[in-house]
Amino acid sequence: MSAAGGPGGPIPDPASAPDPHPRPDPHPTADPHPRPEPAPTARRRTARRPAARRPTTEPPKQRFDAVGRRVLLVCVAGGFTTLLDQSVLNTSIPALRETLHAHPAHLQWIVAGFSLAFGLALIPGGRLGDVKGRKWFFVTGLALFTLVSPVSATATDPTVLIAARLLQGVGAGLVNSQMIGTLQDVFDGQLRARALGMYAVTGSLAFALGPPVGGLVLAAAGPELGWRITFLLNVPFGLATLVLAVRHLPRPRPATRHADLDLLGLLLVGALTLTLMLPFVQPPGWAGWAAFGAGALLLLGALARWQRRYARRGGHPLIHPALTRSAPYALGTATAMAQFGSALAASLVLTMFLQDGLGLSPMGAALVSLPSALATAVSSALAWRVVQRIGRRTVTIGMAGAALAMLLSGLVAHWAPTAVLPWLFALLQLLSGASSGLMTPTNQAFVLRHAPAEAAGVSGAILQMAQRIAAAVAVSALSGVYLRETAGGGGHRSAYLAASLVCAAVAGLAVLASVLAGRAAAREPAPGEPVALSRGRTGAR
């Protein structure tokens, strides 16, 4: 595997850079063992200088082959279907609340409960895929997610909707835990980096497109019917993706995988995830917080001890030792956590402020969010060019732009005149989307470079589980900040300012983690090729 530079190639590797004056390739009919040509004279180099400007060190552009394109299509479609769902829901929250007469606790379970179930399913799903093969777990999860969608759409009681959202979260977690593993199984080197980048871009686009799509549906169908239709949007996508998955995903190859599941490790990880996320979905009071915190520490210690013991007994522990020892992986995951949590919470609070505070219709709120989706699409397509020029600093710069957008949003909401606020928010959403498009796929590709092949599913699942934990924490905390401030008579503007400042602070922590991850990666290079968010030929196996 080799690295390629220039447009369409990965980040150049100085250690493997070719001779700046390469010999011309022999003609196909020439001697298969040509003798070396004499060194060119200074005169010859001068005469050929115009040709030297051409990118002679770059290989031809590489492209995905037919097998790889089909696998990538299935993974991208599965990611878009499951991730669009929660993003669309943010716009529907005010209408849903009025129709079902839902209390704040119900809303927290409806929104954050999905992330809770999603996170609980990720690591078990990733491990099962590593051991038994990924195809049928992907199909099962997508079928569950799709078939429960009508239950969410027809719910007449908040508890029914909560139960349906929990089941959908399990299905979505099972699907997404297989996708990253599948991409790492099927593609190699720079092709893997590009495929993972496209999956991350799909998630960013689904996240950014959700509010505009939800707003259009609510505007066209009305609030009472509109929020129900938003739950049905994923059904046609899900059914189509199911057909494609059955036909095109690689068949399981369990003979090449480890046979041990580490069942106790799976149980401990599930209990730890539940202990970390549950108090943020349903706040328990001070005594409850202390109990959950102590329980989380005990479970973390038990998990670490069991993993060491399991490895000494000759088993393959759930959390691969290479992941626990890798500072770039840990810091990159922390960056993703802070980014995902702050972005999801900021989007939800902005939607609430636009509709409840400024009185905009769902369509008006959707138009304010539309620049974010457009900017995300453009910047993610150009991210590979930026990575080739500045490397890991792309993540830091993108995260800093997102933090700045959150900070400025809170400040303009507090002091700007009402008439210009939607326009200012639209401009800041442009900055936020551009920053997200640069940061999200780049960071994911860098993080997963440090994952060994035999833990491909678990490594991706840990990354996503960390993001879901962050989402549950941030959505619960920030929506609580906003609702408490408005209920206390502080007004929507001051409530939005308080929530935005918290989001900006969390995004600032992501900037710091990104800087530290870059320094750690310089000391601890990943095995294999340099990362590349680039265009490449499929290495489907």
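Note: the structure precedes this text.
Source: prediction; values computed, not measured.

**Q** Which residues make up the overall build of the chain, and what values go with them?
**A** Counting secondary structure elements, the chain contains 18 helices and zero strands. Here the contacts in the chain between residues at least 6 apart in sequence split such that 86% fall between residues at least 24 apart. Total accessible area computed for the chain in this model is approximately 23800 Å², and 66% of it derives from carbon and sulfur atoms.

**Q** Tell me what's going on with the side chain of Ser92, and back it up with residues and numbers.
**A** Summarising the element assignment, Ser92 is placed in helix 3 (residues 66-100). Classification of Ser92 as buried rests on a relative accessible area of 0%. Once residues lying within four places of it in the same chain are set aside, the contact partners of Ser92 are Leu218, Trp227 and Thr230.

**Q** Before we move on, can you summarise the nonpolar core with the specific residues and values?
**A** One recurring pattern in soluble globular proteins: nonpolar side chains tend to sit buried together. Membership of the largest hydrophobic core comes to 116 residues, with the highest contact counts inside it found for Leu96 and Phe425. What Leu96 contacts, discounting residues up to four positions off in sequence, is Leu89, His101, Leu107, Ile110, Leu161, Trp227 and Phe231.

**Q** I'd love a proper account of unusual backbone geometry, names of residues and values included.
**A** At His101, a position not held by glycine, the phi torsion is positive, near 55°. Within the fold, His101 resides in the loop between helix 3 and helix 4 (104-132). What makes His101 exposed here is its relative accessible area of 63%.

**Q** Outline a positive patch on the surface, listing residues and values.
**A** On the surface, a cluster of positive charge is made up of Arg305, Arg308, Arg309, Arg312 and Arg313. Summarising the element assignment, Arg312 is placed in helix 11 (residues 286-312).

**Q** Run through the pattern of salt bridges, naming residues and quoting values.
**A** Applying the stated criterion across every chain, the model contains three salt bridges. With its nearest N and O atoms 2.4 Å apart, the salt bridge here joins Arg165 to Asp85. Of this pair, Arg165 sits in helix 6 (residues 158-186) while Asp85 is found in helix 3, placing the two residues 80 residues apart along the sequence. You'll find Arg165 and Asp85 in the same group, each marked buried. Arg97 serves as the salt-bridge partner of Asp356, at 3.4 Å between the closest nitrogen and oxygen. One end of the pair, Asp356, is in helix 13 (residues 327-357); the other, Arg97, is in helix 3, and 259 residues separate them in sequence. For Asp356, a relative accessible area of 30% corresponds to the partly exposed category.

**Q** Can you lay out the packing of aromatic side chains for me, pointing to particular residues and giving the numbers?
**A** By convention here, two paired aromatic rings are described through the distance between centres and the angle between planes. Across all of its chains, the model carries seven aromatic pairs by this definition. Each ring, one from Trp227 and one from Phe231, has its centre 6.0 Å from the other, and the planes form 85°; the classification is edge-to-face. One end of the pair, Trp227, and the other, Phe231, are both in helix 8 (residues 223-232), four residues apart, so they sit about a helical turn from each other. Considered together, Trp227 and Phe231 belong to a single accessibility category, that of buried residues.

Cut-offs used in this document
- Residues numbered from 1 in each chain as written.
- Predicted model: local features only at pLDDT ≥ 70, side-chain atom pairs only at ≥ 80, totals over all residues.
- Heavy atoms only, no water.
- Helix = DSSP H or I, 4+ residues; strand = E, 2+ residues; numbered from the N terminus.
- Contact = heavy atoms within 4.5 Å.
- Areas by Shrake-Rupley, 256 points an atom, 1.4 Å probe, with all protein chains shown as cover.
- Buried < 20%, exposed > 50% of the residue type's maximum accessible area, 1.4 Å probe, protein only.
- Core = buried A, V, L, I, M, F, W, Y, C linked by side-chain atoms within 4.5 Å.
- Patch = residues over 30% accessible without salt bridge, like charges linked within 9 Å, V, L, I, M, F, W, Y side chains within 5 Å.
- Salt bridge = Lys/Arg side-chain N within 4 Å of Asp/Glu carboxyl O.
- Lys, Arg positive; Asp, Glu negative; His and termini not counted.
- Charge placed at Lys NZ, Arg CZ, Asp CG, Glu CD.
- Phe/Tyr/Trp six-rings, centres within 6.5 Å; stacked < 30°, edge-to-face > 60°.

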